[in-house]
There are 2 protein chains.
Amino acid sequence: MDTSSPHSATETELALLDRYWRAANYLSVGQIYLMANPLLREPLQPEHIKPRLLGHWGTTPGLNFIYAHLNRIIRQRDLNLLYICGPGHGGPGMVANTWLEGTYSEIYPKVSADAQGMQHLFRQFSFPGGIPSHAAPETPGSIHEGGELGYSLVHAFGAAFDHPDLIVPCVIGDGEAETGPLAASWHGTKFLNAARDGAVLPILHLNGYKIANPTLLGRSSDEDLRQLFAGYGYEPLFVSGDDPQKMHRLMADTLDRAFDRIRDFQQQARQGHTSDSVPAWPMIILRSPKGWTGPKTVDGKKVEGFWRAHQVPVSECRENDEHRQLLQNWLQSYRPDDLFDEQGRLKPELQALAPQGEKRMGATPYANGGRLRKPLKTRDIREFAVKIDKPGDTQEQSTAVLASYLSAIFRDNPDNFRLFGPDETASNRLSKVFDVTNRTWMEEIRDYDEQLAPDGRVMEILSEHQCQGWLEGYLLTGRHGLFNCYEAFIHIIDSMFNQHAKWLKVSRKLPWREPIASLNYLLSSHVWRQDHNGYSHQDPGFIDHVINKKADIVRVYLPPDANTLLWVGDHCLKTWDRINVIIAGKQPEPQWLSMDEAIAHCEKGMGIWPWAGNEKPGKQPDVVMACAGDVPTMETLAAVDLLRQYLPDLSVRVVNVVDLMALQTRDQHPHGLEEQDFDAIFTRDRPVVFAFHGYPALIHRLAYQRNNHPNFHVRGFNEEGTTTTPFDMTVLNELDRYHLAQEAILRVPGLQEKAADVLDKLQEKLAAHHAWVREYGEDIPEVRDWKWPSQEGGGEVGD
Amino acid sequence: MDTSSPHSATETELALLDRYWRAANYLSVGQIYLMANPLLREPLQPEHIKPRLLGHWGTTPGLNFIYAHLNRIIRQRDLNLLYICGPGHGGPGMVANTWLEGTYSEIYPKVSADAQGMQHLFRQFSFPGGIPSHAAPETPGSIHEGGELGYSLVHAFGAAFDHPDLIVPCVIGDGEAETGPLAASWHGTKFLNAARDGAVLPILHLNGYKIANPTLLGRSSDEDLRQLFAGYGYEPLFVSGDDPQKMHRLMADTLDRAFDRIRDFQQQARQGHTSDSVPAWPMIILRSPKGWTGPKTVDGKKVEGFWRAHQVPVSECRENDEHRQLLQNWLQSYRPDDLFDEQGRLKPELQALAPQGEKRMGATPYANGGRLRKPLKTRDIREFAVKIDKPGDTQEQSTAVLASYLSAIFRDNPDNFRLFGPDETASNRLSKVFDVTNRTWMEEIRDYDEQLAPDGRVMEILSEHQCQGWLEGYLLTGRHGLFNCYEAFIHIIDSMFNQHAKWLKVSRKLPWREPIASLNYLLSSHVWRQDHNGYSHQDPGFIDHVINKKADIVRVYLPPDANTLLWVGDHCLKTWDRINVIIAGKQPEPQWLSMDEAIAHCEKGMGIWPWAGNEKPGKQPDVVMACAGDVPTMETLAAVDLLRQYLPDLSVRVVNVVDLMALQTRDQHPHGLEEQDFDAIFTRDRPVVFAFHGYPALIHRLAYQRNNHPNFHVRGFNEEGTTTTPFDMTVLNELDRYHLAQEAILRVPGLQEKAADVLDKLQEKLAAHHAWVREYGEDIPEVRDWKWPSQEGGGEVGD
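Residues numbered from 1 in each chain as written. Chains lettered and ligands numbered in written order. Predicted model: local features only at pLDDT ≥ 70, side-chain atom pairs only at ≥ 80, totals over all residues. Heavy atoms only, no water.

1. Some remarks on the pairing of strand 5 (residues 235-240) of chain A
Residue and element names in this part refer to chain A. Test applied: In this description, strands pair whenever DSSP reports at least two bridges between them. Helix and strand assignments follow DSSP, with helices taken as H or I runs no shorter than four residues and strands as E runs no shorter than two, numbered in order from the N terminus. Crossover handedness is defined here as right-handed if the route from the first strand over the helix to the second strand goes clockwise, with the strands pointing away from the viewer.
Where strand 5 and strand 6 (residues 282-287) come together, six bridges link them in parallel fashion. Within strand 6, the position partnered with Pro236 by the bridge is Met283. For the crossover that starts at strand 5, traverses helix 9 (residues 244-270) and ends in the parallel strand 6, the hand is right-handed.

Below, the structure written as structure tokens:
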């Protein structure tokens, strides 16, 4: 095999490349400082300087250096590269480069490729009404904000999966490299299949300092770093220095070597050479000074190569003549007249260094994933429906039913759908998908291993951060996916959820960004059925976190059974630019709705279950028993079952809520029910006993503008948990059938006195439960074997 | 220096140790399976078996193996060891070992050290009314739940800091090792000072499998692992195999070597030998089969050494005679008669293997940190107070004022207080602490470096996970600390907060667990002043997350200025068993209250600011302008300033809330104001315009039971942000003075028509703001230079 490079960079090329780099640096400094006089055609005056100096210089020259060198690689090899910029706060560099290559002006014509455009370019940066200081959705070529550090490399791998023609250079700052999520991301190669996936080239950029501290890896010896990354499975390649000329040569040669390696690994794999070991993919360790080419010292203090270069190295350029002179000298050191012509256009010989068309990293469709998105092929959910003869007659594991639907998705979408989970896919009862695909596994597979394969499409690593980050990268580059997770531990990625929601909020408003598939969560092993794992596994609070985000972004679904879960899952997978949270049960549980009923129910988001209540036609019920979530629904029906036995004259309505957003008013959320529809369901004045899956306050928060809200009495998780039986979990939190029935009696005016004996009976039942579980360690048969309806004909009343 | 071990283990010792291990394994299996017949004195019958089989066998024999060997080390060297059990789901092992050594029965006398106690021991495990399935607060010797994986090693380092006489062996499962937080934790040695701190001995336990997957590190080659951990800076020592006899010898010798190394490093450092490089601390890589010594196969399927051993390897022991026989054989394989005497007591020669008294790992006070906790020495906050002549006259950086107070804490508490932060301590304006101490830094220090030292007490790493985990470990072992963080990124540790809150909730109810110092957060660089970093840095939602936890655990404070921050900071640092969240400003901002006023205000939690309003004595105001948070307070006062100018007849009351919990009713939270006090402040019927730091829904949630709640009109963060000016941030979210003043006018009945001209004027001011910022990129002078009160004498009215 030919392992040599197409050709090494010539000195002439490198000299041109250095000029290109200077141009990017010039434009970066200009963005941070200038609001006028962009080409320094006159001496800098105070009014040329922005009143507030914002931006991060320190990382920027390194980002520009890498970008310029990658341009050479693209032209030389005709590759598709997606540049992931971990130090996203180096926003000026990303903006500068996309302007230099022409994409910026194509997308934002006002920022034209001339002096006037340059003036706009400078002024708009970190300016009210302009653009953010970080790489952001507004930045062409970016799928990564870089504001919250830690996710660059995991995004890079997510982008590379199932994109065999894509290579993702990923710049990782040495600050970011200290975070946990980044440290775990290095394992990504163990899930990357060189035959079907693209490649990731991590570039660890050690400039030595964070905001005010040295970095751990920056101070590590080369030998420690070599061992560390070899241990992670990489071949580390070093590029170290501060002399631009030497560094250009070193970087060009090292990139040639790295891209040769990638090409070789891909060729081998794609020619069918298989191996039990993961290739030692190259990664680059670039040591260059922080604030490289900037002022060496300011006011006698070290700046270049130190943390003082982090943000704005010369800070008083309006007020202080000396500072302004320093800035002028700094800008002039890039020799703008050598870079830009009279009209402020990049000189033609430098323009020629950028790739063409969609090969430009700012213009690659891989960074605007909606352009690549193919609709997901789905089957009619009726194919997978649970047959329901009578509500509550059948028991199923709801997530297992969904798994059949997901299997078909895998079958029909062999290259753009993946399922992610932290070693919980089987536990969440989705094993049916393994009939069709396997878990991705590139390391050794032993003869007794099960459901592992290099071409598996289920991604499992014991890191919620990795699952979330891979999925984000996968979606942002135009594919579809689902993250299944234990409900309690999804909080691990609260902040990643935040950042993705923020990304969507902004990108939805950019006409040039095409919609991407929604980020879908299937949360199972939820609070009510982690009775065996105990208190640390019991937390339904992710919904509370989600609900703070913009209404047009987030959706939360609590399907009570398998058919509703099928509708919800199918619906979510077909949406775009949203975040959908689905919480569903994995344990055998009663099934309530036929497929037709499920469809009607879910389309409205909530509704009355007439077969469950016993209200008289044309009359308001005495009490509304509402529920959201599978276990609360079961307990509510069991409570209603008791009420109908003990108090047959009590008129009860049962309401189930699948789409939590429907509780809000229409002006709060597009799914909100219209006022009259809401009132028709919940009445305007009857007591509502609401059994909720999560923390009770959330229902109040969602429904507080509703007419009947003062009569809502919500029960949910009260932060009481331990290892116990499933039913005892509900009793601990007073969400069980007995407490719900008691609450109903207490809330119906005048009933308490009349039904004193019933209240006593319910109290006795609670006592019997307590005695039984403490004696036998399992739920009392009356509860364990309960089935709706407990009396013949009960299901018919009110139907 | 003598580098040899005190003595190697003899064969006799190892034979005894093997019996001890068998005893622990026997008791572990017994806990998972048996509710009677604990010593197998009769053949196993269905009724001896628990009806629900819960627990995790897979990791347990390894945990027991390590525990037994560490007992030998303790006796041999007279050491204080704290056992951190990362695989906390191996709860049966931890319980078994603490029972064997006697601590369990001392704490829980009912679970006595005999057959009857063993019966209790077995029955209570994962049983309603019994103990959880995981290591938990109930488990003697534990500071670590292990339910949510990732934090064992960071807890271990937190425990070791400032505990020179403590060594912390930390078992890390290979599942946990895949998580991000764990991957970053290996860097802990770079912050560990061998002279003043204890040591951590990581034991990476590779049993090869997670729930249903192989593990990444389990499948890595020894050479890759060696390089990986050498690269992290460790000396990896391997113990691999499955033959117990060989493994005992190997483990004993390896532990001798590891503890020799630790002793040597500590001796060198404590004799004053300094070095610029971090010692290559030992770590152990233990490869042993999952479910070691358990059934090799069940129903023809591989179990030992495979993921099927993860939980309950033989699952149908009640129903299936073959399974029950398998269980009986398995239990008998440990030869209980060789281990326990007639009364079910551990035989004396095995009892002798456990350490004595507080050297027992279940009894060490380091695992019950409250026993070691010394009160923090604090100074009178008046020493640090900002002098206030007139409200609003002075500008200060509030956090910088607190930093002076913290400096004194460092001075007065040289060995039990630390400050943690992800490279944000200087950015959060706490640099004053560097007058007294430095950042902890064990790697090379260069001559131009600042505020780095091996004995520094400020812990900075760019990982919120590490900061949180170190602090948790530090607090749980009896010390005090504070975590300072950018507000938006504290979401990174949402789930760690959750787990710590759960730990506190349970441990508070255990009489034998002494209270530990509260976990204190100082969140600065908050949503309203991340105008320069943009949308990714703007998120006030952590409070919403916090508020879901039990009322007796959490507190949230929003001090509006420096003197209130001093009171709050001082108060929080003196509390125990709580989690306190303080959100405070770091930018120069108006100072409102004198120290006396601040104390009175904070003690109540909220109150009327009479000098700010203009209500007439004895009459209800027309409107209440309420605020919580520094920027909302400033905007509220500016709004009131406008109202008093434009509508001098309008009677306005200003209310400030410092303690968010005071908004709740007394039955919801112990800090809740009594009804009459609340009504006296907020009135029962006047409109309340509430300017809030966070998401508006939170105020509704807290105050929804208050009489005047229907009249609350809350403004806060509406998820609108970007890089812009500080004032424009408030305008984007309609929390600015103009919108607040407009809201007040609209809410006072009948005022809208009368004040139409004022509404117009306010609208003009908004337009002027928009025009100005887009032209000049900074706030309009009218806002930038605003000072309370804008008119002479304005401050006196209503005073």
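2. Considerations on the packing of helix 1 (residues 11-33) of chain A against helix 5 (residues 115-124) of chain A
Residues and elements named next belong to chain A. As a reminder of what qualifies: Geometry is summarised by axes, namely lines fitted to C-alpha atoms with helices restricted to the contacting stretch, and by angles between N-to-C directions that run from 0 to 180 degrees. Throughout, the term roughly parallel applies to angles under 35 degrees, roughly antiparallel to angles over 145, roughly perpendicular to angles from 65 to 115, and oblique to all others. Helix crossings fall into two classes, left-handed where the near helix is turned counterclockwise from the far one by less than a right angle and right-handed where it is turned clockwise. The criterion used for residue contact is that any of the two residues' heavy atoms lie within 4.5 Å. Three residue categories are used. Nonpolar comprises Ala, Val, Leu, Ile, Met, Phe, Trp, Tyr, Cys and Pro, charged comprises Asp, Glu, Lys and Arg, and polar comprises the others, including Gly.
Viewed as axis vectors pointing N to C, helix 1 and helix 5 meet at an angle of 55°, and their least axial separation amounts to 6 Å. If you check the angle between helix 1 and helix 5, you find them oblique. Handedness of the crossing formed by helix 1 with helix 5: right-handed. Residues Tyr26, Leu27, Gly30 and Gln31 of helix 1 form the contact with helix 5, whose participating residues are Met118, Leu121 and Phe122. Looking at the contact of helix 1 with helix 5 residue by residue, the class counts come to five nonpolar, two polar and no charged.

3. Quick look at the interface of chain B and chain A
Quick reminder of the rule: A 1.4 Å probe defines the accessible area here, and the buried area is the portion of it lost by two parts on being joined, summed over both. Salt bridge criterion: a side-chain nitrogen from Lys or Arg within 4 Å of a carboxyl oxygen from Asp or Glu. Whenever a nitrogen or oxygen atom comes within 3.5 Å of another N or O atom, the pair is scored as a polar contact, on the condition that within protein one atom can donate a hydrogen and the other can accept it, and that pairs from neighbouring residues in sequence are kept only if both atoms are in side chains.
Across the contact, 114 residues belong to chain B and 114 residues belong to chain A. For the pair chain B and chain A, the summed buried surface comes to about 9,700 Å²; carbon and sulfur atoms form 53% of the total. Across the pair Asp449(A) and Arg219(B) runs a salt bridge, and its minimum N-O distance is 2.6 Å. Where chain B packs against chain A, one counts 60 residue pairs in polar contact (both at pLDDT 80 or more). Elements with a minimum of two residues in the side of chain B that touches chain A: helix 7 (180-185), helix 8 (222-231), helix 15 (494-507), helix 16 (542-546), helix 21 (697-703) and helix 25 (756-776) of chain B. Looking at which element gives the most residues to the side of chain B that touches chain A, the answer is helix 15 of chain B, with seven residues. A breakdown of the residues in the side of chain B that touches chain A according to their chemical character gives 42 nonpolar, 37 polar and 35 charged.

4. A word on the pattern of salt bridges
Residue and element names in this part refer to chain A. Applied cut-off: Burial status follows relative accessibility: with a 1.4 Å probe on protein chains alone, a residue under 20% of its type maximum counts as buried, one over 50% as exposed, and anything between as partly exposed.
As enumerated under the stated definition, the model contains 112 salt bridges over all chains in all. Note that Arg22 and Asp18 form a salt bridge whose closest N and O atoms lie 3.4 Å from each other. With Arg22 and Asp18 both in helix 1 and four residues apart, this pair spans about one turn of that helix. Pair check on accessibility: Arg22 and Asp18 agree, each one buried. Residues Arg379 and Asp412 are paired through a salt bridge, measuring 2.7 Å at the closest nitrogen-oxygen approach. With a gap of 33 residues between them, Arg379 in the loop between helix 12 (348-351) and strand 9 (395-397) and Asp412 in helix 13 (residues 398-412) connect regions that are remote in the sequence.

5. Side note on unusual backbone geometry
A cis geometry characterises the amide bond from Trp788(A) onward to Pro789(A), with omega recorded as -20°. Following the sequence through the fold, Pro789(A) ends up in the segment after helix 26 (781-784). Although it is not a glycine, Arg335(A) adopts a positive phi angle of roughly 55°. Among the structural elements, Arg335(A) can be located in the loop between helix 10 (321-332) and helix 11 (336-339). Given a relative accessible area of 47%, Arg335(A) falls into the partly exposed group. Of note in this structure, Arg429(B) is not a glycine but carries a positive phi near 65°.

6. Considering the nonpolar core
Basically, it comes down to this: Nonpolar cores are built from buried Ala, Val, Leu, Ile, Met, Phe, Trp, Tyr and Cys residues. Side-chain atoms within 4.5 Å join them into one set.
Leu660(A), Phe682(A), Phe690(A), Leu660(B), Phe682(B) and Phe690(B) are the most contacted members of the largest nonpolar core, which has 265 residues in total. With eight residues, helix 9 (residues 244-270) of chain B is the single largest residue contributor to this core. If you look at the next biggest cluster of nonpolar residues, it comprises 82 residues, including Cys627(A), Val658(A), Val689(A) and Phe727(A).

7. Focus: a negative patch on the surface
Residues and elements named next belong to chain A. Short version of the rule: Patch rule: a residue counts if its relative accessible area is over 30% and it has no salt bridge; like charges are joined within 9 Å, and nonpolar side chains (Val, Leu, Ile, Met, Phe, Trp, Tyr) within 5 Å. Note on areas: Shrake-Rupley with a 1.4 Å probe; residue coverage comes only from the protein chains shown. Neither His nor the chain ends contribute to the count of charged residues, in which Lys and Arg are positive and Asp and Glu negative. A charge is said to be at NZ when it belongs to Lys, at CZ for Arg, at CG for Asp and at CD for Glu.
Taken together, the side chains of Asp299, Glu316, Glu319 and Glu322 define an acidic patch exposed on the protein surface. Within the element layout of this structure, Glu316 appears in the loop between strand 8 (301-302) and helix 10. The exposure class assigned to Glu316 is partly exposed, which follows from its relative accessible area of 38%.

8. A word on helix 19 (residues 630-646) of chain A
Put simply, the rule is: Take the number of residues in a helix, subtract one, and multiply by 1.5 Å to get its expected span.
Over its 17 residues, helix 19 of chain A extends 24 Å from the first C-alpha to the last, a length consistent with the 24 Å expected when each residue adds 1.5 Å. When you tally the buried positions in helix 19 of chain A, you get 15 out of 17 residues, the bulk of the element.

9. Some points on the sheet that holds strand 22 (residues 688-692) of chain B
Residue and element names in this part refer to chain B. Across the sheet, five strands lie side by side as 19-21-20-22-23; this open sheet has mixed pairing. A strand with exactly one partner marks an edge of an open sheet, and here the two such strands are strand 19 (606-608) and strand 23 (712-715). Mean inter-strand twist for the sheet, computed between neighbouring axes without regard to direction, equals 20°. In this structure, strand 20 (residues 623-628) lies alongside strand 22, joined through five bridges in parallel fashion. Looking across to strand 22, one finds that Ala626 is bridged to Phe690. Where helix 23 (residues 737-747) meets the sheet, it contacts strand 20, strand 22 and strand 23, and its direction lies at approximately 165° from that of strand 23.

10. Quick look at the relation of the copies chain B and chain A
Here is the rule: What sets the superposition is a least-squares fit of C-alpha atoms, and only residues with pLDDT of at least 70 in both copies go into it.
Its rotation angle being 180°, the transformation that places chain B on chain A also includes 0.0 Å of axial translation and leaves an RMSD of 0.0 Å. Such values leave the two copies arranged in the relation of a two-fold axis.

11. As for the environment of Ser240(B)
Residue and element names in this part refer to chain B. Summarising the element assignment, Ser240 is placed in strand 5 (residues 235-240). With a relative accessible area of 33%, Ser240 lands in the partly exposed category. As for Ser240 and Pro289, which are separated by 49 residues in sequence, their C-alpha atoms are 9.3 Å apart. In contact with Ser240, other than residues within four places in its own chain, are Met247, Leu250 and Arg287.

12. A few points about the environment of Leu372(A)
All names here are of chain A. With respect to the helices, strands and loops of the structure, Leu372 is situated in the loop between helix 12 and strand 9. Here Leu372 falls in the partly exposed class, since its relative accessible area comes to 31%. C-alpha separation for the pair Leu372 and Gly478, spaced 106 residues apart in sequence, amounts to 5.1 Å. If we ignore the near neighbours within four places in the chain, the residues touching Leu372 are His163, Pro365, Tyr366, Thr477 and Gly478.

13. Remarks on the sheet that holds strand 20 (residues 623-628) of chain A
All names here are of chain A. Reading across the sheet, the five strands line up as 19-21-20-22-23 and stay open at both edges, with mixed pairing between neighbours. Each end of this open sheet is capped by a strand with a single partner; those strands are strand 19 (606-608) and strand 23 (712-715). Averaged over all neighbouring strand pairs, the angle between strand axes comes to 20°, with direction disregarded. By the bridge criterion, three bridges tie strand 19 to strand 21 (residues 652-657) in an arrangement that is antiparallel. Bridge pairing in strand 21 links Ile608 to Val655.

14. So, the pairing of strand 21 (residues 652-657) of chain B
All names here are of chain B. Most of strand 21 sits inside the fold, with six of its six residues counted as buried. On strand 21, burial covers both faces: Val652, Val654 and Asn656 on one face and Arg653, Val655 and Val657 on the other are all buried. The pairing of strand 20 with strand 21 spans five bridges and is parallel. Note on strand 21: the bridge partner recorded for Ala626 is Val655. Chirality of the crossover, the property in question, places the unit of strand 20, helix 19 (residues 630-646) and strand 21 among those that are right-handed.

15. Quick look at the side chain of Glu460(B)
Structurally, Glu460(B) is set in strand 13 (residues 458-460). A distance of 3.2 Å separates a polar atom in the side chain of Glu460(B) from a polar atom in the side chain of Asn213(A). Within the local environment of Glu460(B), its side chain forms a polar contact with the side chain of Thr425(B), the two groups lying 3.0 Å apart. Look past the residues within four positions of Glu460(B) in its chain and what remains in contact with it is Lys210(A), Asn213(A), Phe191(B), Gly421(B), Pro422(B), Asp423(B), Glu424(B), Thr425(B), Phe434(B) and Arg439(B).

16. Some details on the packing of helix 1 (residues 11-33) of chain B against helix 3 (residues 91-100) of chain B
Residue and element names in this part refer to chain B. Relative to each other, helix 1 and helix 3 sit at 125°, their axes nearing to 8 Å. Comparing their axes, helix 3 and helix 1 come out oblique. Once helix 1 is placed against helix 3, the crossing between them reads as right-handed. Across the interface between the two elements, Tyr20, Ala23, Ala24, Leu27, Ser28, Gln31 and Ile32 of helix 1 pack against Pro92, Gly93, Val95, Ala96, Asn97, Trp99 and Leu100 of helix 3. When the residues that make up the contact of helix 1 with helix 3 are grouped by side-chain class, the tally is ten nonpolar, four polar and no charged.

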